[in-house]
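Residue-level structural notes
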Amino acid sequence: MQDLLLRNVALPDGRAGVDVLVREGRIAAVGPALPAPQGIPALDGGGWLLSPPFVDAHFHMDSTLSHGQPRVNESGTLLEGISLWGELKPLLTQEALVERALRYCDWAVARGLLAIRSHVDVCDPRLLAVEALLHVKRQVAPYLDLQLVAFPQDGVLRCPGALENLKRALDLGVDVVGGIPHFERTMADGAESVRLLCELAAERGLRVDMHCDESDDPLSRHVETLAQQTHRLGLHGRVTGSHLTSMHSMDNYYVSKLLPLMAEAQLHAVANPLINIMLQGRHDTYPKRRGMTRVPELLAAGVNVGFGHDCVMDPWYPLGSADMLEVAAMGLHVAQLGSVAGQRACFDAVTVNNARVLGLEGYGLEPGCRGDFVLLQARSPQEAIRLRAPRLLVVRGGRVLARAPVQAVALELPGRPARVDFTLAPPARDEPGVAPPGGPEAGP
């Protein structure tokens, strides 16, 4: 951890010209023209937007960067992806899992993504992926929070031994209880799996995060059971329903009953915009559903909604780059959240809302919070989404992990004088003793 003074930044709440002082890895003060303690390195934020780090509340790090192994998902469907992952599992090695995961963590840090909740498949009795990601979790802990979910990809009741494997994974140090009720053999088995897994989490004092109703079927309603079990067991605020794509197709009257139940249970909801619109609606002709859950309605009901990246270059999705602003932008478009408030809600969905899903302590930009933040080449959260803003600084505990120069465009148009034009550039600010983000005073 390190001390740092970052001058002249804008904050997501609209404040501008603000300084942020980090002492011993924690934010000590936030305000205009803070006095500079002797010996503390100072950086000029140039008036750009300072955000708390990006957080991904739903990811699969055991499969990331495995695209094309052992073959490509030709249909592009969820079920072929699951089948393909089943073909790949016997070929996995711990070394390859660790190497791919560490490479992805490097991508994440460069983009200001400093906390990830990753599901890890526990249906392989070797628990190879579990052991690999626990190793990665320890290795990246100085610069990235990696929270692991014990995920029975093939169904905790459908797959022989999966429940015992899941318990073993928790014993090894996996953080969260996962599930996939809609992939069990029957609706009744799905409901039973929700009950078993929520009771297990309650016994162990753990959080729950279930792949829930990832389907176009309007009758896949396991989120109702998840809300009921959460309420019954007193797990309020500790349970997440991920995907919830069947809600896209549900009857409006039923949803009007469901939303208050979810809010009463203090469920978190995580949509995965990129993957949801890629995988859902595959049996439709036209009109073709896109499947992402009812984000505006969930927000209006008081449910905490986050966005996840879900997949990057794996059996389910051939694209992706660990950029949570890309996720926010896609969620904004699919949910039609184009208002100022809607755009801000999408920025929150990849920052503060996801931090609530993970239960991160000390997250934020207030005194006492951890000295973790990202400086974006934008003036507001809305502009950051619109531009997929470059990350100028990524800081963890007051220590600079990554930096990049301000981007500008040199225009040399026929018939017009050459100029460097970047319409977002704030006024120049010269202050003795304050280095720009890439300056020599910002040592690693």
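Everything quoted here is computed from the prediction, not taken from an experiment. (Residues numbered from 1 in each chain as written. Predicted model: local features only at pLDDT ≥ 70, side-chain atom pairs only at ≥ 80, totals over all residues. Heavy atoms only, no water.)

1. Thoughts on the packing of helix H6 (residues 222–233) against helix H7 (residues 252–264)
Where H6 contacts H7, the axes come no closer than 9 Å and their chain directions differ by 30°. Relative to H7, the element H6 is oriented roughly parallel. For the pair H6 and H7, the sense of crossing is left-handed. Of H7, the residues touching H6 (which contributes Val223, Glu224, Ala227 and His231) are Tyr254, Lys257, Leu258, Leu261, Met262 and Glu264. A breakdown of the residues in the contact of H6 with H7 according to their chemical character gives 6 nonpolar, 1 polar and 3 charged. (Axes fitted to C-alpha atoms, helices over the stretch in contact; angles between N-to-C directions. Helix = DSSP H or I, 4+ residues; strand = E, 2+ residues; numbered from the N terminus. Parallel < 35°, antiparallel > 145°, perpendicular 65-115°, else oblique. Left-handed = near helix turned anticlockwise from the far one by under 90°. Contact = heavy atoms within 4.5 Å. Nonpolar A, V, L, I, M, F, W, Y, C, P; charged D, E, K, R; others polar.)

2. Some details on the sheet that holds strand S2 (residues 18–23)
Pairing within the open sheet is mixed, and its 4 strands lie in the order S3-S2-S1-S4. Of all strands in the sheet, those bounded by a partner on one side alone are strand S3 (26–31) and strand S4 (42–44). Averaged over all pairs of adjacent strands, the angle between strand axes in this sheet comes to 20°, irrespective of strand direction. Both S2 and S3 contribute to a ladder of 5 bridges, which runs antiparallel. (Pairing = 2+ DSSP bridges.)

3. Comments concerning the packing of helix H4 (residues 162–172) against helix H5 (residues 187–204)
Two elements in contact, H4 and H5, have axes separated by 12 Å at closest approach and are oriented at 25°. Considering the angle they form, H4 stands roughly parallel to H5. Classified by chirality, the crossing of H5 by H4 is right-handed. The residues of H5 that touch H4, namely those facing Leu163, Leu166, Lys167, Leu170 and Asp171, are Leu197, Leu200 and Arg204.

4. Regarding the confidence of the model for the chain
Confidence in the prediction of the chain, expressed as mean pLDDT, is 93, and 94% of residues score 70 or more. For the stretch residues 425–434, pLDDT sits under 50, and the model shows 16 contacts to residues farther than four places along the chain or on other chains. The low-confidence segment residues 438–444 (pLDDT under 50) makes 17 contacts with residues lying over four places distant or belonging to another chain. (pLDDT = per-residue confidence, 0-100.)

5. Quick word on empty space enclosed by the protein
As enumerated under the stated definition, the model contains 5 cavities of 30 Å³ or more in all. Within this model, the largest cavity holds a volume of roughly 110 Å³. Elements with a minimum of two residues in the lining of the largest cavity: helix H1 (78–88) and helix H8 (273–279). Residue composition of the lining of the largest cavity, by class: 8 nonpolar, 4 polar and 2 charged. (1 Å grid on protein atoms, 1.4 Å probe; cavity = no way out; pocket = protein on both sides within 12 Å on 5 of 7 lines; lining within 4 Å. Points joined across faces, edges and corners; volume = space filled by probe spheres on them.)

6. Side note on H6
Given a rise of 1.5 Å per residue, 12 residues ought to cover 16 Å, and the 16 Å separating the end C-alpha atoms of H6 matches this to within 8%. For H6, the set of buried residues is His222, Val223, Thr225, Leu226, Ala227, Gln229 and Thr230. On its buried face, H6 sits against H5, strand S10 (207–212), strand S11 (239–243) and H7. Gly234, located one to two residues past H6, shows a positive phi value of around 70°. (Expected span 1.5 Å × (residues − 1). Buried < 20%, exposed > 50% of the residue type's maximum accessible area, 1.4 Å probe, protein only.)

7. Quick look at the sheet that holds strand S5 (residues 49–51)
In spatial order, the strands read S5-S14-S15-S16; together these 4 strands make up an open sheet with antiparallel pairing. Looking at which strands have only one partner, the edges of the open sheet turn out to be S5 and strand S16 (399–403). If you compare each strand with its neighbour and ignore which way they point, the axes differ by 20° on average. Here 4 bridges tie strand S15 (residues 391–396) to S16, and the two strands are oriented antiparallel to one another. The residue of S16 that forms the bridge with Leu393 is Arg403.

8. Here's the deal with the pattern of salt bridges
Think of it this way: side chains of opposite charge can pair up when their charged atoms draw near. Counted under the stated rule, the structure contains 26 salt bridges. For Asp3, the salt bridge identified is with Arg23, shortest N-O distance 3.5 Å. Linking Asp3 in the segment before strand S1 (4–9) with Arg23 in strand S2, this pair joins segments that are 20 residues apart in sequence. On the basis of relative accessible area, Arg23 is assigned to the partly exposed category, the value being 37%. Of the charged contacts in the structure, one is a salt bridge between Asp372 and Arg370, with a shortest N-O distance of 3.3 Å. Note on Asp372: relative accessible area 6%, which makes it buried. Three or more residues are tied together by salt bridges with common partners; here these are Asp145, Arg370, Asp372 and Arg396. (Salt bridge = Lys/Arg side-chain N within 4 Å of Asp/Glu carboxyl O.)

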